[in-house]
Amino acid sequence: MLGKMGLKPFSIYEITELTHGEPDSPRIVSFKMRPVDGQRFDFVPGMFSSLFLKPEDKLFRSYSIASSPNEDYMEFMIEMINGKFTSLLANLKVGDEIYVSEPRGAFTYQPDSQHSDLFLAAGIGIAPFFSMLRFLRSRNLKRNIYLFYSIKHKEDIVNSSELQSYEDIGLKLVYTVTRDHGDNNWNGERGRINMQMIKNHVEDFASSTVYLCGGIKFVKDIVEELKSEGIKDEQIKRDIWGE
Ligand SMILES: Cc1cc2nc3c(=O)[nH]c(=O)nc-3n(C[C@H](O)[C@H](O)[C@H](O)COP(=O)(O)OP(=O)(O)OC[C@H]3O[C@@H](n4cnc5c(N)ncnc54)[C@H](O)[C@@H]3O)c2cc1C
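All residue numbers here refer to positions counted from 1 along the written sequence of the relevant chain. With the structure being a predicted model, the display of local features is reserved for residues of pLDDT at least 70 and the display and counting of side-chain atom pairs for 80 or more, all residues being used for whole-chain, interface and lining totals. Values reported for side chains reflect all heavy atoms of the structure, with hydrogen atoms and water molecules removed beforehand.

Digging into the sheet that holds strand β6 (residues 97-101)
Sheets are built from strands paired through backbone hydrogen bonds, the pairs being either parallel or antiparallel. Taken in spatial order, the 6 strands of this open sheet run β4-β3-β6-β1-β2-β5, and their pairing is antiparallel. Each of the sheet's edge strands pairs with one partner strand only, and the pair in question is β4 (61-64) and β5 (74-79). Across the sheet, the mean angle from the axis of one strand to that of its neighbour is 40°, orientation sign disregarded. Pairing between two strands requires that DSSP report at least two bridges joining them. Put simply, DSSP marks the helices as runs of H or I at least four residues long and the strands as runs of E at least two long, and each gets a number from the N terminus on. By the bridge criterion, 7 bridges tie strand β1 (residues 10-20) to strand β2 (residues 28-35) in an arrangement that is antiparallel. Helix axes are fitted only over the stretch in contact, all axes being lines through C-alpha atoms; the angle between N-to-C directions runs from 0 to 180 degrees.

As for the sheet that holds strand β12 (residues 236-240)
Pairing is parallel across the open sheet formed by 6 strands, whose spatial order is β10-β9-β8-β7-β11-β12. At either margin of the open sheet sits one strand with a lone partner, and together these are β10 (189-190) and β12. Of the strand pairs in this sheet, strand β7 (residues 117-122) and strand β8 (residues 145-151) are connected by 6 bridges, and their pairing is parallel. Bridge assignment links Leu 120 to a residue of β8, and that residue is Phe 148. Against the sheet, helix α5 (residues 216-228) makes contact with β7, β11 (209-214) and β12, and its axis sits at roughly 160° relative to β11, the strand it touches most. Any two residues whose heavy atoms approach within 4.5 Å are treated as being in contact.

What to know about the packing of aromatic side chains
In this description, a pair of aromatic rings is defined by centroid distance and the angle of the planes. Each aromatic pair joins two rings of Phe, Tyr and Trp (for Trp, the six-membered one) with centres within 6.5 Å, and gets the label stacked for planes under 30 degrees apart, edge-to-face for over 60, and tilted for any other angle. Per the stated rule, a full pass over the model turns up 12 aromatic pairs. Aromatic pair Phe 52 and Tyr 99: ring centres 5.9 Å apart, planes at 10°, arrangement stacked. In this pair, Phe 52 sits in strand β3 (residues 48-52) while Tyr 99 sits in strand β6, placing the two residues 47 residues apart along the sequence. Across this residue pair, the class does not change: Phe 52 and Tyr 99 are buried. Considering the side-chain rings of Tyr 63 and Phe 85, the 6.2 Å spacing of their centres and the 25° angle between planes classify their relative orientation as stacked. Of this pair, Tyr 63 sits in strand β4 while Phe 85 sits in the loop between β5 and α1 (86-89), and the two are 22 residues apart along the sequence. Note on classification: 1.4 Å probe, protein chains only; a residue is buried when its accessible area is under 20% of the maximum for its type, exposed when over 50%, partly exposed between these limits.

Quick notes on the side chain of Ser 101
Residue position: Ser 101 is located in strand β6. Here the side chain of Ser 101 touches Arg 104 through a polar contact of 3.3 Å, side chain to side chain. Polar contact is the term for a pair of N or O atoms within 3.5 Å; when the atoms are in protein, one must be able to donate a hydrogen and the other to accept it, and sequence-neighboring residues count only if both atoms are side-chain atoms.

Focus on the domain arrangement of the chain
Each domain's extent was defined by an automatic or database domain assignment. Along its sequence, the chain is organised into domain 1 (10-101) and domain 2 (117-240). Each of domain 1 and domain 2 has a C-alpha centre, and the two are 24 Å apart. Listed per partner, the contact involves 16 residues of domain 1 and 15 residues of domain 2. Buried area is calculated as the accessible area (1.4 Å probe) missing from two parts once they are joined, with the contributions of both summed. If you sort the residues of domain 1 by the area they bury against domain 2, Ser 25, Pro 45 and Met 77 come out on top, with a joint share of 35%. Any carboxyl oxygen of Asp or Glu that lies within 4 Å of a side-chain nitrogen of Lys or Arg is treated as forming a salt bridge with it. Connecting domain 1 to domain 2 are 1 salt bridge. Measuring nitrogen to oxygen at the nearest pair gives 2.7 Å for the salt bridge that ties Arg 134 to Glu 75.

A short note on helix α2 (residues 127-138)
With 12 residues, α2 should cover 16 Å at 1.5 Å per step; its first-to-last C-alpha distance of 17 Å lies within 8% of that length. In terms of burial, α2 is largely enclosed, as 10 of its 12 residues are buried. Every buried residue belonging to α2 is among Ala 127, Pro 128, Phe 129, Phe 130, Ser 131, Met 132, Leu 133, Arg 134, Phe 135 and Leu 136, and all of these are buried. Taken from the residues just after α2, Asn 140 is the one with a positive phi, measuring 55°. Take the number of residues in a helix, subtract one, and multiply by 1.5 Å to get its expected span.

Things to note about the pattern of salt bridges
By the definition in use, this model includes 12 salt bridges. One network of salt bridges, in which partners are shared, links Glu 75, Arg 134 and Glu 162.

Describing the layout of surface pockets
Taking a probe equal in size to a water molecule and rolling it over the atoms shows the remaining empty space. Size it by volume and the largest pocket reaches roughly 1400 Å³. What lines the largest pocket is a set of 42 residues, and nearest its centre among them are Glu 79, Ala 122, Ile 124, Gly 215 and Trp 241. Listed by contribution, the elements that provide at least two residues to the lining of the largest pocket are β4, β5, β8, α5 and β12. Ranked by residues supplied to the lining of the largest pocket, first place goes to β4 with 4 residues. Gly is placed with the polar residues, together with every amino acid not listed as nonpolar (Ala, Val, Leu, Ile, Met, Phe, Trp, Tyr, Cys and Pro) or charged (Asp, Glu, Lys and Arg). Of the residues assigned to the lining of the largest pocket, the class counts are 19 nonpolar, 12 polar and 11 charged. The pocket and cavity definitions rest on a 1 Å grid over protein atoms only: a 1.4 Å probe that fits but cannot leave marks a cavity, an open set with protein on both sides within 12 Å along at least five of seven lines marks a pocket, and residues lining either have an atom within 4 Å of a point. Grid points are joined across faces, edges and corners, and a volume is the space filled by probe spheres set on the points.

The following block contains the structure:
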């Protein structure tokens, strides 16, 4: 079945750690897993794998890899929305096995030492950026990176202290909340990520490479705005996650 679906090769992984995001972002669960045969897939930060529970299953979903390629495990950050697949993932325990397809995708990170990188994430679209930032840290590479991270509420920020720690390697964090308009204790931006917000924070935005990850509307709207500011298609890398 998997061969016919073009998903081979795949490997059996064992879940070794499950971390629920509570008290913050309670719907996000981090799944860490190790290959049963000890041969972890190679990948470039930004790639994704498909996960499925049984090799004969037709049901699978794709997830961005959140861990760095230098680790001996793979980590996925999954928003448990109680959909067809996430409701099955919710039953998994440490020690259970899961099938992981070979990583793929064109949303790969090439650190740029000349210009700023712009990372634009909506919601759980933050996952592949963890892989990129963890990779930079593992190599001790400093880069000029602006991460614009849009969440509905400030409590939805995933691993905020880890994100803050990347300021050491050149990360500038810009959070924006799309729902908490009345919160007087919020110092970040408000509303969806847009061109004006980017211009307010990034001087050399016109020469940046832009990495975008989130739902189709988020990606389409921003790409249009970026292009109307003269940013060329080849400067924009996008990972679109369905609707
Ligand atoms: C390349 C790629 C990488 C992805 N990486 C991740 C990742 O790292 N983490 C992650 O959580 N998801 C990721 N997704 C989304 C994931 O593949 C599933 O679509 C998601 O987990 C929902 O699956 P489901 O079967 O539970 O929901 P379904 O039963 O298939 O869908 C239920 C409905 O919920 C919508 N939906 C999907 N995701 C969300 C969401 N986060 N919030 C609100 N509505 C949603 C769907 O569009 C659909 O309308 C990625 C998708 C792609 C294509």
